[in-house]
Amino acid sequence: MNKITAAITAIGGYVPETKLTNADLEKMVDTNDEWIRTRTGISERRILKEKGKGVSDMIIPAVQQILTKKNLNPLDIDCIICATVTPDMVFPATANIVADKIGAKNAWGFDLEAACSGFLFALATGTAFIESGKYKKVVVVGADKMSAIVDYTDRNTCILFGDGAGAVLLEPNTEGNGIIDSILKTDGSGKEYLHMKSGGSVNPSSIETVTAREHFVYQEGKTVFKFAVKGMADVSAELLERNHLTGNDIAWLVPHQANLRIIDATTERLGLSKDKVMININRYGNTTAATIPLCLWEWEKQLKKGDNLVLAAFGGGFTWGAILLKWAY
Ligand code: UT7
C-alpha cells in the first residue's frame, strides 16, 4: 500500500465587509497613505465591526464553504484545529464553539496558539493526525480578529492588522500529493519584542492593566522585521535544499502577509519570480493566522494538481516555519 499523506482537499475563507483604508487611519493617528504603502504594502484591511461578534463568526462561514463544496456531512468531521490568538474567549476553545455551531457533533478539537505561524503549526499537527491513519477528516483553521487587540491610538501597530478567517479540509491521499515536509521553529526569547502584556496569568486583567493599555498588541517593529526577514527566508531555503528542489521547481510561494518587504526578501532568496508569489496584503493587511489560508482560498482556481507550494511564516513567539506541499486537486 502507498504511504498515506495528508492533502488539502477543500478551502474556505471569509473576510468581513467593512474596509478600514489608509485614508481612514489618517483621520485616527498621525500617519499617511504613502508611508503605509511604501513601508508595508498595505492599502486597506477588513474589520469585523459588529458588536458581540467574535472570531468564530468568521470561521463558521469559512468552514461552511468547505461543507458545501465537498457536500460533506458535519458529522463526518473527526477533528477541528483552530489556530488563533484572538479566540472568542480565553476558554472554552473556539474550536469547540465552531464544532457546536456547524453541527460537528462527532468531532473533538482544540485551539492552537502560534501567532502568525499558527496556520502552519496547525497544518503540521493535522497532517500528523491524518498520517497516523486514525483520522480521515481534519479541519484546520487559521483565523484572527486582530481589531479586538489592536490599539487604534498607536500608529506603530494599528496600520498593520486586519480581520479574517481561512479553513482547509485535510484528508488522506495515496497518490503522493499533500503535505510533503515541514520545518517549524520557536524561540521564546523573542517574546519581549512582540506580545500582549496583560490578560494572562502573569498580569491578570485589572483596572491598572486596562488603564495602562496593556491589552493590545505591542511590537518593536524594526527588531521583529530583522528576525522575520532572516527567519522566513532561511527556513524556506532549508526546506527546498533538503528536498533537493530549487526555485524553478516551485509553482507558488504562499508567504505570511506581514510586510511586503519581508515577502520580497524571501522571494529573492528562493530565486522566484514575483508572479509565483501570492500577495493580498494590500487588501487585507496582516490577519495573523489567517493570511496563508486566505491566500490559498483566493488563488484556489489557479492551483493545479501536482503543483509544489511552499507555505512560509514568521511571527510572535517568535515562531516561524515553512511547509512544502504538492497540491492534490
Ligand atoms: O506578523 C507578525 C510579525 N511582524 C512583522 O513581521 C512586522 C515586522 N516589522 C515591520 O513590518 C516594520 O518594522 C514596520 C512596518 C512595523 C515599521 O516599519 P519600519 O520601516 O521598521 O519603521 P520604523 O518602526 O523604524 O519607523 C520609522 C519611522 C519612525 O520615525 P523616526 O523615528 O524615524 O522619526 C517612526 O516613528 O517611521 C515612523 N512611523 C510612522 N510614520 C508614519 C512609525 N509608524 C508610522 C506610521 N506612519 N504609521
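Residues numbered from 1 in each chain as written. Predicted model: local features only at pLDDT ≥ 70, side-chain atom pairs only at ≥ 80, totals over all residues. Heavy atoms only, no water.

Participant: Any chance you could explain helix α9 (residues 260-269) here in plain terms?
Facilitator: One full turn of an α-helix is made of 3.6 residues, so residues set three or four places apart face in the same direction. Buried residues of α9: Ile262, Ile263, Asp264, Thr266 and Thr267, and no others. Its side-chain oxygen 2.8 Å from the backbone nitrogen of Arg261, Asn259 forms the N-cap of α9. Gly271 sits one or two positions beyond α9 and adopts a positive phi of about 70°. (Buried < 20%, exposed > 50% of the residue type's maximum accessible area, 1.4 Å probe, protein only. Helix = DSSP H or I, 4+ residues; strand = E, 2+ residues; numbered from the N terminus. Polar contact = N/O pair within 3.5 Å; in protein donor to acceptor, adjacent residues only side chain to side chain.)

Participant: Looking at this structure, how should I read the sheet that holds strand β13 (residues 319-326)?
Facilitator: Hydrogen bonds between backbone atoms are what pair the strands of a sheet, whose relative direction is either parallel or antiparallel. Taken in spatial order, the four strands line up as β8-β13-β12-β11 in an open sheet, and their pairing is mixed. Each of the sheet's edge strands pairs with one partner strand only, and the pair in question is β8 (178-186) and β11 (252-255). Between one strand axis and the next, the sheet turns through 15° on average, direction left out of account. With four bridges joining them, β11 and strand β12 (residues 308-315) adopt parallel strand pairing. Looking across to β12, one finds that Trp252 is bridged to Leu309. Contacts from helix α5 (residues 118-131) reach β8, β12 and β13, with the element oriented near 130° to β8. (Pairing = 2+ DSSP bridges. Axes fitted to C-alpha atoms, helices over the stretch in contact; angles between N-to-C directions. Contact = heavy atoms within 4.5 Å.)

Participant: I keep staring at the pairing of strand β6 (residues 138-145) and nothing clicks. Help me out?
Facilitator: For a regular strand, side chains alternate in direction, first toward one face of the sheet and then toward the other. Most of β6 sits inside the fold, with eight of its eight residues counted as buried. The two faces of β6 match: Val138, Val140, Gly142 and Asp144 on one face and Val139, Val141, Ala143 and Lys145 on the other face are all buried. Two strands pair when backbone bridges link them, and strand β4 (residues 79-83) and β6 are joined in this way by five bridges, in the parallel orientation. Considered in β6, the bridge of Ile80 is made with Val139.

Participant: Could you clarify how one ought to interpret the environment of Leu303 in this entry?
Facilitator: By the element assignment, Leu303 lies in the loop between α11 (291-299) and β12. With a relative accessible area of 7%, Leu303 lands in the buried category. Along the backbone, Leu303 and Lys101 are 202 residues apart, and their C-alpha atoms lie at a distance of 31 Å. Those residues within four positions of Leu303 in sequence are excluded, and the remaining contacts are Trp252, Met278, Leu296, Leu309, Trp327 and Tyr329.

Participant: In this structure, what is going on with the packing of aromatic side chains? I would like to understand it.
Facilitator: The way to describe two aromatic rings as a pair is by their centre distance and the angle between their planes. With the rule as written, the count across this model stands at eleven aromatic pairs. Consider the rings of Phe129 and Tyr135, whose centres lie 5.7 Å apart with planes at 65°: the pair is edge-to-face. The buried category is assigned to Tyr135, whose relative accessible area is 16%. Between Phe227 and Phe318, the ring centres sit 5.0 Å apart and the planes meet at 40°, which makes this aromatic pair tilted. Taken together, the residues Phe227 in helix α8 (residues 221-242) and Phe318 in the loop between β12 and β13 connect sequence positions 91 residues apart. Taking the relative accessible area as the measure of exposure, Phe318 reaches 2% and is therefore buried. A network of ring pairs unites the aromatic residues Tyr193, Phe227, Phe314, Phe318 and Trp320 as a single cluster. Of note, Arg283 hangs over the ring of Tyr284, and the distance from its end group to the ring centre comes to 5.0 Å. (Phe/Tyr/Trp six-rings, centres within 6.5 Å; stacked < 30°, edge-to-face > 60°. Lys NZ or Arg CZ within 6 Å of the ring centre and 35° of its normal.)

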